[in-house]
Amino acid sequence: MKKKSILVLFFGLLAIVLAACGGKESSSEKATDTVVVGDDIKGATELSFWTFAGLHMEFFEDAAVRWNETNPDRPIKLKAETYPYDQMHNNLLLALQSGKGAPDIVDIEISRFPNYLQGEPQLLPMNEFVDPEIDNFVRARLDIYSKDGQFYGMPTHVGASVMYYNKEIMDEAGVDIDSIKTWEDYVEAGKQVVAKTGKMMTNVHTGDYMTMWEMISQQGSDWFDENGEVTVDSKENIKTLQFLHDMVYVNKIAELTPGGQPHAEEYYAYMNDGEAASISMPLWYMGRFIENMPDLKGKIVVRPMPAWEAGGFRSAGMGGTGTVVTNQTKHPEIAKEFLAFAKLSKEANIKLWTVLGFDPPRWDVWESDEVKADNKFYQFFGNDIFDTLLDIKDEINAVHITPQTPEVQNEINTVVFDSVLRQQSQTAEEALKEAADKIRSNKQ
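Since this is a predicted model, take the numbers as computed values, not measurements.

## What about the packing of aromatic side chains?
This model, assessed by the stated rule, comprises 27 aromatic pairs. On the basis of an interplanar angle of 45 degrees and a centroid distance of 5.2 Å, the ring pair of tyrosine 209 and tryptophan 213 is categorised as tilted. Look at tryptophan 213 and you get buried, because its relative accessible area is 7%. Ring-pair connections join several aromatic residues into one group, and the members of that group are Phe49, Phe59, Phe60, Trp67, Phe338 and Phe341. The positively charged end of lysine 393 is found above the aromatic ring belonging to tryptophan 363, 4.1 Å away from the centroid.

Next up, the structure:
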């Protein structure tokens with residue numbers, strides 16, 4: 001009863017936080033999309049799958065078709081349903097608490113994942129499938145969905161953070177992109193870009209904390225430590241926020257992001273017009289360029305992030321979805337086998353790239369012929385995307401996600417960035433210490 005009470009309390013708090021971030025609950029209990037595979041196969045084992053990402057439906061539909069072709073003696077009938085983000089996670093939490101109503105397999109977004117690991121997880125461990133393949137994976141992306149040595153969530157991508165450079169601007173400024181090794185080099189290159197082209201080197205977001213999270217993760221820091229204790233005001237975090245401030249107001253190589261964040265229409269238009277030379281975001285941001293900044297095709301190249309010091313980490317893993325098997329499935333063995341087939345196998349990881357355009361968490365496919373085959377991403381960014389990934393694959397720290405992660409996101413995006421970057425009414429140290437104290441006081 002105590003565990004459930006804590007979960008319900010957190011659930012209510014999270015709803016408030018999401019509302020403050022602009023989240024909107026759907027009153028509909030119906031799926032927004034449903035796909036059924038294997039409906040015409042007699043004797044097929046029925047499995048249900050929930051997701052909040054419509055894009056994932058195509059991936060699992062493909063996986064179910066391939067499973068049935070590969071396993072004609074053990075076919076499945078997969079009913080895949082898409083629900084609004086909040087509704088799906090909320091319904092799943094309540095179903096697992098009540099002991100009924102959960103699907104066999106479900107996607108859980110990374111920031112929500114800790115909710116389902118509290119107490120004894122109502123999920124089935126996948127170690128029998130993970131352990132034999134673990135050396136072929138970017139380990140950090142498995143660890144974030146694990147507890148006490150048990151792997152529950154199967155990752156959807158690495159989310160490797162990289163630097164996207166506008167080579168046209170950098171060439172005009174006379175800067176060799178590959179000479180930028182550290183953030184100090186980056187600042188000096190930025191000064192040259194501004195002086196020679198009148199463009200900005202980059203932008204500092206005031207409504208999205210992902211770039212700052214990338215930069216603190218590079219230093220082995222985070223919003224929380226491995227024990228879940230708040231580290232928002234760590235020295236590395238203070239240093240990083242001060243660095244972001246100084247890029248705008250001291251070194252003058254950046255300006256505040258139009259629209260406040262890298263997914264804003266104002267920012268897309270700004271970048272598409274060639275107003276800034278670079279942005280650091282995870283590899284999955286490639287799709288944003290293709291969809292929203294088409295005039296940059298052939299101009300953007302992907303390189304490692306600058307390190308904080310020579311030999312330091314040049315990437316970070318951001319975002320993600322862990323797919324799990326719930327303990328309410330009536331078919332645990334085939335559900336786990338199918339999930340391993342869909343997310344852990346070599347072919348599955350190739351499909352993560354060819355179907356979804358995601359960087360596969362299984363690094364041993366990055367040099368496969370299928371991954372190297374020409375597609376819209378290579379045509380836009382060049383042929384060395386996976387060369388960069390192979391170069392940084394061992395430089396990705398695991399992030400520590402806790403039930404308070406959404407609270408940190410809200411506090412950083414709406415309070416800290418406003419006071420430090422917009423208003424300049426507080427120093428980085430003052431704002432982060434105040435935020436950390438607030439979050440600690442709210443910890444249950």
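## Examining empty space enclosed by the protein
By rolling a water-sized probe across the atoms, one finds the places where empty space is left. Overall, the coordinates contain five cavities of 30 Å³ or more when judged by the stated rule. Reported here for the largest cavity is a volume of approximately 80 Å³. Around the largest cavity, the lining residues are Met163, Trp183, Tyr186, Thr202, Asn203, His205, Thr211, Met215, Leu244, Met247, Ile279 and Ser280. Breaking the lining of the largest cavity down by element, the ones donating at least two residues are α7 (183-197), β9 (202-204), α8 (210-218), α9 (235-249) and β11 (278-282). Taken together, the residues that form the lining of the largest cavity break down as seven nonpolar, five polar and no charged.

## Describing the nonpolar core
Nonpolar side chains tend to gather and get buried jointly when the protein is soluble and globular. In terms of nonpolar packing, the biggest core is built from 146 residues, with Tyr164, Met201, Trp223, Val232, Tyr285, Phe289 and Phe338 touching the most fellow members. For this core, the element with the most residues is helix α12 (residues 332-343), which contributes seven residues.

## Let's talk about the pattern of salt bridges
Following the criterion strictly, the structure yields 23 salt bridges and no others. Measuring nitrogen to oxygen at the nearest pair gives 2.9 Å for the salt bridge that ties lysine 167 to aspartate 171. With lysine 167 and aspartate 171 both in helix α6 (residues 167-173) and four residues apart, this pair spans about one turn of that helix. Across the salt bridge formed by arginine 303 and aspartate 384, the nearest N and O atoms sit 3.1 Å from each other. With a gap of 81 residues between them, arginine 303 in strand β12 (residues 300-303) and aspartate 384 in the loop between α15 (376-381) and α16 (385-392) connect regions that are remote in the sequence. Since its relative accessible area comes to 16%, arginine 303 is described here as buried. A relative accessible area of 24% means that aspartate 384 is categorised as partly exposed. Shared partners join several salt bridges into a network, and the residues in it are Asp62, Arg66, Glu347 and Lys351.

## Considerations on the side chain of threonine 240
Checked against the element boundaries, threonine 240 lands in helix α9. Setting aside its immediate chain neighbours within four residues, threonine 240 contacts Met212, Met215, Ile216, Gln219 and Trp308.

## Side note on the side chain of aspartate 86
Mapped onto the elements, aspartate 86 comes out in helix α3 (residues 85-98). There is a polar contact of 3.0 Å between the side chain of aspartate 86 and the side chain of arginine 112.

## Details of the environment of glycine 228
One can find glycine 228 in the loop between α8 and α9. Considering only alpha carbons, one finds glycine 228 and phenylalanine 338, 110 residues apart in sequence, at a separation of 33 Å. Setting aside anything within four residues of it in sequence, one finds glycine 228 in contact with Thr402 and Lys443.

## A short note on a negative patch on the surface
Among the surface-exposed residues, Glu255, Asp273, Glu275 and Asp295 lie close enough to one another that they form a single negatively charged patch. Inspection of the secondary structure assignment puts aspartate 273 in the loop between α10 (265-272) and β11. According to the relative accessible area criterion, aspartate 273 is exposed, its value standing at 54%.

## Section: unusual backbone geometry
With phi around 50 degrees, aspartate 148 is a residue other than glycine that occupies positive phi space. With respect to the element layout, aspartate 148 can be found in the loop between β5 (146-147) and β6 (150-151).

## A few points about the packing of α9 against helix α18 (residues 428-442)
Here α9 crosses α18 at 130 degrees, and the two axes come no closer than 9 Å. Comparing the axis directions of α9 and α18 gives the class oblique. Crossing of α9 against α18: the hand is right-handed. Taken together, the residues of α18 that come into contact with α9 (itself represented by Asn237, Ile238, Leu241 and Gln242) are Ala428, Glu429 and Leu432. Within the contact of α9 with α18, the residues separate by chemical class into four nonpolar, two polar and one charged.

## Some words on the confidence of the model for the protein chain
Per-residue confidence for the protein chain averages 91 on the pLDDT scale, and 93% of its residues sit at or above 70. When the criterion is pLDDT under 50, residues 1-28 qualifies, and its contacts beyond four places in sequence or with other chains add up to 35 contacts.

## Brief notes about the sheet that holds β12
One open sheet holds the three strands; their spatial order is β11-β8-β12, and the pairing between them is antiparallel. Looking along the sheet, the strands with just one partner apiece sit at the ends: β11 and β12. Taking the axes of each pair of neighbouring strands and ignoring which way they run, one obtains an average angle of 30 degrees across the sheet. As judged from the four bridges shared by strand β8 (residues 161-166) and β12, these two strands associate in the antiparallel manner. Its bridge partner lying in β12, tyrosine 165 is registered against valine 301. Against the sheet, α8 makes contact with β8 and β11, and its axis sits at roughly 75 degrees relative to β11, the strand it touches most.

## Some words on the packing of α9 against helix α17 (residues 405-422)
One way to put it is that α9 packs onto α17 with a least axis distance of 10 Å and a crossing angle of 40 degrees. In terms of their interaxial angle, α9 and α17 are classed as oblique. Here α9 and α17 pass one another in a crossing that is right-handed. Facing Leu241, Leu244, His245 and Tyr249 of α9, the residues of α17 in contact are Val416, Phe417, Val420, Leu421 and Arg422. Looking at side-chain class alone, the contact of α9 with α17 contains seven nonpolar, one polar and one charged residues.

Procedures and definitions
- Residues numbered from 1 in each chain as written.
- Predicted model: local features only at pLDDT ≥ 70, side-chain atom pairs only at ≥ 80, totals over all residues.
- Heavy atoms only, no water.
- Phe/Tyr/Trp six-rings, centres within 6.5 Å; stacked < 30°, edge-to-face > 60°.
- Buried < 20%, exposed > 50% of the residue type's maximum accessible area, 1.4 Å probe, protein only.
- Lys NZ or Arg CZ within 6 Å of the ring centre and 35° of its normal.
- 1 Å grid on protein atoms, 1.4 Å probe; cavity = no way out; pocket = protein on both sides within 12 Å on 5 of 7 lines; lining within 4 Å.
- Points joined across faces, edges and corners; volume = space filled by probe spheres on them.
- Helix = DSSP H or I, 4+ residues; strand = E, 2+ residues; numbered from the N terminus.
- Nonpolar A, V, L, I, M, F, W, Y, C, P; charged D, E, K, R; others polar.
- Core = buried A, V, L, I, M, F, W, Y, C linked by side-chain atoms within 4.5 Å.
- Salt bridge = Lys/Arg side-chain N within 4 Å of Asp/Glu carboxyl O.
- Contact = heavy atoms within 4.5 Å.
- Polar contact = N/O pair within 3.5 Å; in protein donor to acceptor, adjacent residues only side chain to side chain.
- Patch = residues over 30% accessible without salt bridge, like charges linked within 9 Å, V, L, I, M, F, W, Y side chains within 5 Å.
- Areas by Shrake-Rupley, 256 points an atom, 1.4 Å probe, with all protein chains shown as cover.
- Lys, Arg positive; Asp, Glu negative; His and termini not counted.
- Charge placed at Lys NZ, Arg CZ, Asp CG, Glu CD.
- Axes fitted to C-alpha atoms, helices over the stretch in contact; angles between N-to-C directions.
- Parallel < 35°, antiparallel > 145°, perpendicular 65-115°, else oblique.
- Left-handed = near helix turned anticlockwise from the far one by under 90°.
- pLDDT = per-residue confidence, 0-100.
- Pairing = 2+ DSSP bridges.

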